[in-house]
There are 2 protein chains.
Amino acid sequence: MSHVSAQTMANAIRALAMDAVQKAKSGHPGMPMGMADIAVALWSRHLRFNPQDPRWVGRDRFILSNGHGSMLQYALLHLTGYDLTIDDLKAFRQLGSKTPGHPEVDVTPGVETTTGPLGQGIANGVGMALAEKMLAKEFNREGFPVIDNHTYVFLGDGCLMEGISHEVCSLAGVWGLNKLVAIYDDNGISIDGDVRGWFRDDTRGRFEAYGWNVIGPVDGHDIDAMDRAIAEAKRSADKPTLIIAKTTIGKGAPNRQGTAKVHGEALGNDEIAATREAIGWPYAPFEIPAEVYAAWDHKEEGAKIEGEWNAMFAEYEKAYPELAAELKRRLAGDLPEGWSDVVMDALCAAEEAQETMATRKASQKALNALAPALPELLGGSADLTGSNLTNWSGVKSLNSGEFDARHISYGVREFGMSAVMNGIALYGGFIPYAATFLTFSDYSRNALRMSALMKQRVINVFTHDSIGLGEDGPTHQSVEHVPSLRLIPEMDVWRPADTVETIVAWASAIERRDGPSSLIFTRQNVPFLDRDEVDADAMAKGGYVAAEAPAGAGEADVILLATGSEVGLAMKARAELAALNVQARVVSMPCTSIFDRQDAEWRASVLTPGTPILAIEASKTDLWWKYMSGKGDVLGVDRFGESAPADVLWQRFGFTVENVVAKATALLK
Amino acid sequence: MSHVSAQTMANAIRALAMDAVQKAKSGHPGMPMGMADIAVALWSRHLRFNPQDPRWVGRDRFILSNGHGSMLQYALLHLTGYDLTIDDLKAFRQLGSKTPGHPEVDVTPGVETTTGPLGQGIANGVGMALAEKMLAKEFNREGFPVIDNHTYVFLGDGCLMEGISHEVCSLAGVWGLNKLVAIYDDNGISIDGDVRGWFRDDTRGRFEAYGWNVIGPVDGHDIDAMDRAIAEAKRSADKPTLIIAKTTIGKGAPNRQGTAKVHGEALGNDEIAATREAIGWPYAPFEIPAEVYAAWDHKEEGAKIEGEWNAMFAEYEKAYPELAAELKRRLAGDLPEGWSDVVMDALCAAEEAQETMATRKASQKALNALAPALPELLGGSADLTGSNLTNWSGVKSLNSGEFDARHISYGVREFGMSAVMNGIALYGGFIPYAATFLTFSDYSRNALRMSALMKQRVINVFTHDSIGLGEDGPTHQSVEHVPSLRLIPEMDVWRPADTVETIVAWASAIERRDGPSSLIFTRQNVPFLDRDEVDADAMAKGGYVAAEAPAGAGEADVILLATGSEVGLAMKARAELAALNVQARVVSMPCTSIFDRQDAEWRASVLTPGTPILAIEASKTDLWWKYMSGKGDVLGVDRFGESAPADVLWQRFGFTVENVVAKATALLK
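Residues numbered from 1 in each chain as written. Chains lettered and ligands numbered in written order. Predicted model: local features only at pLDDT ≥ 70, side-chain atom pairs only at ≥ 80, totals over all residues. Heavy atoms only, no water.

Asks: Explanation requested: the domain arrangement of chain A in the structure shown.
Replies: Interfaces are often described in size by the accessible area the parts lose on coming together. Here the domain parsing of chain A yields domain 1 (6-302), domain 2 (339-520) and domain 3 (539-668). Relative to domain 3 of chain A, the C-alpha centre of domain 1 of chain A lies at a distance of 52 Å. (Domains from an automatic or database assignment.)

Asks: It is not clear to me how helix α3 (residues 70-80) of chain B should be interpreted in this structure. Could you clarify?
Replies: Residues lying three or four places apart along an α-helix face the same way, a consequence of the helix completing one turn every 3.6 residues. Residues and elements named next belong to chain B. Most of α3 is tucked away, with 11 of its 11 residues classed as buried. Looking at α3, one finds that the buried residues are Ser 70, Met 71, Leu 72, Gln 73, Tyr 74, Ala 75, Leu 76, Leu 77, His 78, Leu 79 and Thr 80. Where α3 terminates, the next one or two residues include Gly 81, which has phi positive at roughly 115°. (Buried < 20%, exposed > 50% of the residue type's maximum accessible area, 1.4 Å probe, protein only. Helix = DSSP H or I, 4+ residues; strand = E, 2+ residues; numbered from the N terminus.)

Asks: Can you help me understand the interface of chain A and chain B in this one?
Replies: Taken together, the contact between chain A and chain B spans 97 residues of the former and 97 residues of the latter. Roughly 7700 Å² of surface becomes buried between chain A and chain B when both sides are summed, with 57% attributable to carbon and sulfur atoms. The largest share of the area that chain A buries against chain B comes from A:Tyr443, A:Arg449 and A:Phe640, three residues that together contribute 10% of it. Linking chain A with chain B are eight salt bridges. In this structure, A:Asp472 engages B:Arg93 in a salt bridge whose closest nitrogen and oxygen atoms are separated by 2.7 Å. Along the contact surface separating chain A from chain B lie 49 residue pairs in polar contact (both at pLDDT 80 or more). The element best represented in the side of chain A that touches chain B is helix α7 (residues 163-175) of chain A, accounting for seven residues. Of the residues that constitute the side of chain A that touches chain B, the class distribution is 36 nonpolar, 33 polar and 28 charged. (Contact = heavy atoms within 4.5 Å. Buried area = accessible area lost by both parts, 1.4 Å probe. Salt bridge = Lys/Arg side-chain N within 4 Å of Asp/Glu carboxyl O. Polar contact = N/O pair within 3.5 Å; in protein donor to acceptor, adjacent residues only side chain to side chain. Nonpolar A, V, L, I, M, F, W, Y, C, P; charged D, E, K, R; others polar.)

Asks: Is there a simple way to think about the relation of the copies chain A and chain B in this case?
Replies: These two copies of the chain differ by a rotation about an axis and a displacement along the same axis. Between chain A and chain B, which share one sequence, the superposing operator has a rotation angle of 180° and an axial displacement of 0.0 Å; the RMSD is 0.0 Å. Such a combination of turn and shift is consistent with a two-fold rotation axis. The C-alpha atom lying nearest the rotation axis in chain A is that of A:Gly163; the distance is 1.8 Å. Interface overlap between copies is the fraction of interface residues in one copy that are interface residues in the other; for chain A against chain B it reaches 100%, indicating a shared surface. (Least-squares fit on C-alpha atoms with pLDDT ≥ 70 in both.)

Asks: I keep staring at the UniProt feature "binding site: Mg(2+)" (unreviewed entry) in chain A and nothing clicks. Help me out?
Replies: All names here are of chain A. Listed under "binding site: Mg(2+)" (unreviewed entry) in the UniProt record, and renumbered for this structure, are Asp 157, Asn 187 and Ile 189. For this annotated set, covering 33 residues, all C-alpha atoms fall within 7.8 Å of each other, a compact arrangement in space. With respect to the secondary-structure elements, Asn 187 resides in the loop between β3 (180-186) and β4 (189-190). Setting aside residues no more than four positions away along its own chain, Asn 187 makes contact with Asp 157, Thr 247 and Ile 249. Here Ile 189 shows up in strand β4. (UniProt positions renumbered as here; feature names shortened; annotations may be inferred.)

Asks: Explain the UniProt feature "binding site: thiamine diphosphate" (unreviewed entry) in chain A to me, please; I cannot follow it from the model alone.
Replies: Residue and element names in this part refer to chain A. Sequence positions flagged by UniProt for "binding site: thiamine diphosphate" (unreviewed entry) are, in local numbering, His 68, Gly 116, Pro 117, Leu 118, Gly 158, Asn 187, His 263 and Phe 440. Across 373 residues of sequence, these annotated residues are also dispersed in space, with a maximum C-alpha separation of 34.3 Å. Note that His 68 resides in the loop between β1 (61-64) and α3 (70-80). Those residues in contact with His 68 that lie beyond four places of it in its chain are His 28, Met 31, His 102, Leu 118 and His 263. When you line up the elements, Leu 118 lands in the loop between α4 (86-90) and α5 (120-139).

Asks: Is there a simple way to think about the environment of A:Leu77 in this case?
Replies: Residue and element names in this part refer to chain A. Take Leu 77: it is sitting in helix α3. For Leu 77, a relative accessible area of 0% puts it in the buried group. The sequence separation of Leu 77 and Pro 109 amounts to 32 residues, and the corresponding C-alpha distance is 8.0 Å. Beyond its immediate chain neighbours, meaning those up to four positions away, Leu 77 contacts Trp 43, Tyr 82, Leu 84, Thr 108, Pro 109, Gly 110 and Val 111.

Asks: Help me understand the pairing of β1(A), please; the structure alone is not making it clear to me.
Replies: Looking along a regular strand, one sees side chains alternate from face to face of the sheet. Residues and elements named next belong to chain A. Of the two faces of β1, the one carrying Arg 61 and Ile 63 and the one carrying Phe 62 and Leu 64 are both buried. Taken together, the four bridges between β1 and strand β2 (residues 151-156) define a ladder with parallel strand orientation. For Arg 61, the partnering residue across the bridge sits in β2 and is Thr 151. (Pairing = 2+ DSSP bridges.)

Asks: Can you walk me through the packing of aromatic side chains in this structure?
Replies: In this description, a pair of aromatic rings is defined by centroid distance and the angle of the planes. One pass over the structure, following the stated rule, counts 44 aromatic pairs over all chains. Ring plane angle 40° and centroid distance 5.8 Å describe the contact between B:Trp624 and B:Tyr627, whose orientation is recorded as tilted. For the residue pair B:Trp624 and B:Tyr627, the accessibility class agrees, reading buried in each case. Of the aromatic side chains, those joined through ring pairs into one cluster are A:Trp56, A:Phe144, A:Trp309, A:Phe313, A:Tyr316 and A:Tyr320. (Phe/Tyr/Trp six-rings, centres within 6.5 Å; stacked < 30°, edge-to-face > 60°.)

Asks: What should I look at first to understand the nonpolar core in this one?
Replies: A general feature of soluble globular proteins is that nonpolar side chains tend to end up buried together. Within the largest apolar cluster, 181 residues are counted, with the highest numbers of intra-cluster contacts made by A:Trp175 and B:Trp175. Once residues lying within four places of it in the same chain are set aside, the contact partners of A:Trp175 are A:Val126, A:Leu130, A:Leu398, A:Phe403, A:Ile408, A:Tyr410 and A:Val420. A:Ala350, A:Ile503, A:Ala509 and A:Ala584 belong to the second-largest nonpolar core, a separate cluster that totals 69 residues. (Core = buried A, V, L, I, M, F, W, Y, C linked by side-chain atoms within 4.5 Å.)

Asks: So what exactly am I meant to see when it comes to the sheet that holds strand β14 (residues 517-520) of chain A here?
Replies: Remark on secondary structure: sheet strands pair via backbone hydrogen bonds, oriented parallel or antiparallel. Residue and element names in this part refer to chain A. Within the open sheet, the six strands sit side by side as β10-β9-β11-β12-β14-β13. Their pairing is parallel. Each edge of the open sheet is held by one strand with a lone partner, namely β10 (407-409) and β13 (492-494). On average, adjacent strands in this sheet sit at an angle of 20° to one another, irrespective of strand direction. Direction of pairing for strand β12 (residues 459-463) relative to β14: parallel, over a ladder of four bridges. Counted as the bridge partner of Val 461 is Leu 519 from β14. (Axes fitted to C-alpha atoms, helices over the stretch in contact; angles between N-to-C directions.)

Asks: Would you mind going over the pattern of salt bridges with me for this structure?
Replies: Note on pairing: side chains with opposite charge can pair once their charged atoms come close. Taken as a whole, this structure holds 93 salt bridges over all chains when the rule is applied. A salt bridge links A:Lys261 to A:Glu265, with the shortest nitrogen-to-oxygen separation between them at 3.1 Å. For A:Glu265, a relative accessible area of 36% gives the class partly exposed. For B:Arg59, the salt bridge is made with B:Glu112, and the minimal N-O distance between the two is 2.6 Å.

Asks: Please clarify how the side chain of B:Ser518 should be interpreted in this entry.
Replies: Residue and element names in this part refer to chain B. With respect to the helices, strands and loops of the structure, Ser 518 is situated in strand β14 (residues 517-520). Judged by its relative accessible area of 0%, Ser 518 falls in the buried class. In this structure Ser 518 touches Asn 460, Phe 462, Met 491, Asp 492, Val 493 and Trp 494, once residues within four positions along its chain are discounted.

Asks: Any chance you could explain helix α10 (residues 269-279) of chain B here in plain terms?
Replies: Residue and element names in this part refer to chain B. Regarding α10, the residues found buried are Glu 271, Ile 272, Thr 275, Arg 276 and Ile 279. Seen along its axis, α10 keeps its buried residues to an arc of 145°; they face one direction. Turned more than 90 degrees away from the buried face of α10 sit Asn 269, Asp 270 and Glu 277, all of them exposed. (Arc of directions from axis to C-beta.)

Asks: Help me understand the packing of helix α1 (residues 6-24) of chain A against α3(A), please; the structure alone is not making it clear to me.
Replies: In helix packing, the relevant descriptors are the interaxial angle and the interaxial distance, both defined with respect to the helix axes. All names here are of chain A. Contact geometry of α1 with α3 gives a least axis separation of 9 Å together with a crossing angle of 120°. Between α1 and α3, the crossing angle belongs to the class labelled oblique. With respect to the hand of their crossing, α1 and α3 are arranged in right-handed fashion. Packed against α1, whose contacting residues are Ala 12, Ile 13, Leu 16, Ala 17, Ala 20 and Val 21, the element α3 presents Met 71, Leu 72, Ala 75, Leu 76, His 78 and Leu 79 at the interface. When grouped by side-chain class, the residues that make up the contact of α1 with α3 number 11 nonpolar, one polar and no charged. (Parallel < 35°, antiparallel > 145°, perpendicular 65-115°, else oblique. Left-handed = near helix turned anticlockwise from the far one by under 90°.)

Asks: Got a minute to help me understand the packing of helix α14 (residues 339-353) of chain B against helix α20 (residues 499-511) of chain B in this structure?
Replies: Residue and element names in this part refer to chain B. Packing of α14 against α20 leaves a shortest axis separation of 8 Å and a crossing angle of 165°. Viewed along their axes, α14 and α20 adopt a mutual orientation that is roughly antiparallel. Between α14 and α20 lies a crossing of right-handed hand. In this structure, α14 uses Trp 339, Val 343, Ala 346, Leu 347, Ala 350 and Glu 351 to contact α20, whose residues at the interface are Thr 499, Val 500, Ile 503, Val 504, Ala 507, Ile 510 and Glu 511.

Asks: I would appreciate a short explanation of the environment of B:Ile215 in the present structure.
Replies: Residues and elements named next belong to chain B. Mapped onto the elements, Ile 215 comes out in strand β6 (residues 213-219). Along the backbone, Ile 215 and Ser 418 are 203 residues apart, and their C-alpha atoms lie at a distance of 28 Å. Apart from residues lying up to four places away in sequence, Ile 215 is in contact with Arg 204, Ala 229, Glu 232, Ala 233, Thr 241, Leu 242, Ile 243 and Ile 244.

Next up, the structure:
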């Protein structure tokens, strides 16, 4: 150890945070200055990491759930030796920098997840801690703890007020995630001021009610006390730990500390000068003395512990070559050998069976075919397993209390479920999917957005996708959700029409490595489509000609463009139109975003420019107009649904052959 | 009292529930059968209501937060004498009936709020209980408790698992809503089975941590014990009460009670026969003996208590005629006399001042002008008051602990905030509005949907509306939210361009009686538009010609169609285009849904059919294509944002005069 005091190490963080925010004239100095001492205790005395290899599997995970305090993390990454230079810190919040306003995974080395939307960081942490348990259970062997890390989460009052913290901390208690350690920055201040006006929870009592190990309150500026609290947390045998750390927001800024003002704006030159004086930091902005760098430098220690792990893994590889290879494959996110054969077999079976069934049921059949070949598939449902049909034959449930499970009953916690999946995907080794009714995708919407922003392979299953669910009525009937999900950048939304398209959708979602997919399934039966040919490659392009105009491709008078349960209706209308000497092509477009990514030639071959289009989808109509280059119309649902049997509703909302024929022929006048 | 036992009264509920679900072959018998005894205790011994006047102001509010058990409520409404006949019960879940799958306000007399999406009913209840406190504080006088009721909420495991229950129950504790009584149907079963697999909260400990009075566990099938528990709850002086009632789901069905199977499907004829036998209910389906009706009938008691209240109110009216008139106005939802003059004055002042400012700041100016004239306006923010600028000069905050406040710091609880607002609006007497950053509208999305489904006058303020917020980066920059909010039926989304349009938006939202509005404001400054004329009536039509083509209306070569911060850009581009001899009309469309409701003539006068349109909005582009009847293009943002100063981002994303000119002229080739 060097002669540099822990307090000085903390002050280096304070200085970098206030100076970077000041330079950017934007940002949040309060949290980094308030949590600097805690960060010293964790990062210099407990956290296992190697700055030279940010993706080392054996590292502890660190999450800044209160992501506005990003400069805390950037300062730590810089000081400990990650590839984040002082110039990167000077570029805080500038275009293209490695130091954006909030921490972003894949932008900054050492950042494990993108945070900022409060409460989701702790949820990601719960997912990572669960993934660690599950992967350890599967791959560790006597003497070979190849998967073995803690997950540390910093969070603040905001995270604890958010409902999602309730959902995921309750789950962490049920799951007994003892290697999860959350440190609560209990500074008593949120943006509107003293939190007692709106937040008076007994947080210890609350977390004890979830079955957590609660430590504190501890003085969050007493580095040794925090050190001891973390050490105690690491000894927890069967419970996650919350350390309540009492801190002063903006600690060190003599005139602003302890106020809401220090939270989210630059201190200004006068207060910065006063802070330098107060904390005894005589150095220029962005100047860190060499001995302070030396005290913080973690490269040697990191290389040592990673080296030890590598040595162990080499022995593991010798003792268990197949397990080691499988672990490497899983962590790399590669699909198993023979995967495409499995998909092809499932497609052939579906083509042969030609079954009429609900696509949620077709989805379960797909899972039965695909999941046994894919041990990384980790399913779940927000307490609707029997309705979403997300479980497959013989799958083991996590409710068993065993971590070698592959299906999770998340309880009625949609938002938490989605954010936990993001954490699982970020940890690696699994492809998580989970389900709820489509309407309740609303509850998890910002976690869906975050999975897209982070380009994570997370698969959302949303069943009961329209008025076709019938009697449960408008609260449960999606109208706006399919188009609304399509609006999220990077999110592929699949709404397959039958058993074959359902398999294609699952395969696409599983094979996609750069983003999330949402699979939208019906409650009610849909027919097997009487296509011109079953061409999975065409389906995988997102939109394709399901049935050409009877007289041939060049003869289409009108295109019936439909998705999901409405493709069958379009097929019937096509036959009816043929009897009226109207040539209709049916286009099935299960995934608009993938279709949009195809080349112009493909798109023109499906939607011939100038040919009238009638789009048919039991959702809000607005998004379909972008495909119209000639005359066009949309048969959709532009109002809330109603409670009634599904067949009655289809009539009432005009989803009949007669109405499709009428609307299609009207386009030809 | 009659000779009919309380147990028999409960069995009448059980029979109606199982028979109605069986007839519909759809629905949820488990909860009504499990909570029937609790319902007897509450509805026959405590609840104050008059079945002949469901809207009587003095009534206790009853909310079924576990709304899938709708047949419980329908049975109660029928049995106690509301206008809900046995034929209505027979039409359970049929098209156009008064007994839809989940309770819907304004469809069924006596239903206070629409429930089904779990957790939101208790949130509505918190809003109603808060509104009661605030209205009582304002209008009650010594000896005249004209506002004086309890709010009772039934809820189940699902509601307690949902994160929103954390948010709102924490708030209810802070606010000390002692007249809120929640009764927890602790039956240990959710859809996936025994809840211990995913839900092991110590719910007593959790609610004590929120500062609640917790009673129980009580045997939920012991009607006298429940009676005593409710009586005790009503004595709580300063805390909301949670009664934990241990029940058996599907109680009475001998082979299915206590199982997940009884939750959500019809019992079937055999089990129904067995249940009749088990509970001693020998009557035919939908047959209720006259003495059971008599025991349940609440019409006489209801008329009596409402009569007493009416007598009190008559005296109150004499003693405080102005207060009484104001209370009547407020409860009727009418705006005060002189309102339109207040709006006009604000418009004139804004027109005169011609200020360049952020629309969030313009919104605060509007509030300063409008709020003093509108005592029903009840603002708030999810811990972003100083950023959302939702407070007006001198407004009193609820954090003061005083209920005569008009601004609420809700803490970082967006979903809870929105659902509490729904409860406030449903209670009446207030027009609630509250704010967060636009991106975090995701968190509250299903509550926004519910406000639309219920057609409530709730006003959502969403600031920091685009990449224009700058450095906070993609987690905070809305891209999809404006179009996504527009997809919610009945939701009017306003994105005003300057100070005048901001006032028009506020006035429209306040004057609208049949649905919610979302007001979208910028963080950054926008110019005062150099319009052809300031015509508030035109603006109130949702879309209007802000600046005609320089050569006249018939001469427009191209229409620049923009909203919010992009209208100013369109105006600059119009001038630049004129220099190039291109005639451009600028259309400002602050509210697309209202524009869509205008007659064809107005729409054609704004968007001349066939004239090329360049739509400009810093959001996903998809929704604009529906306005294109000739050539068209959209300048928008179809990817996630980035962290950088706003002016850098505008350049990077192509929101420059040069780019608008290039895209507009390209349309003319």
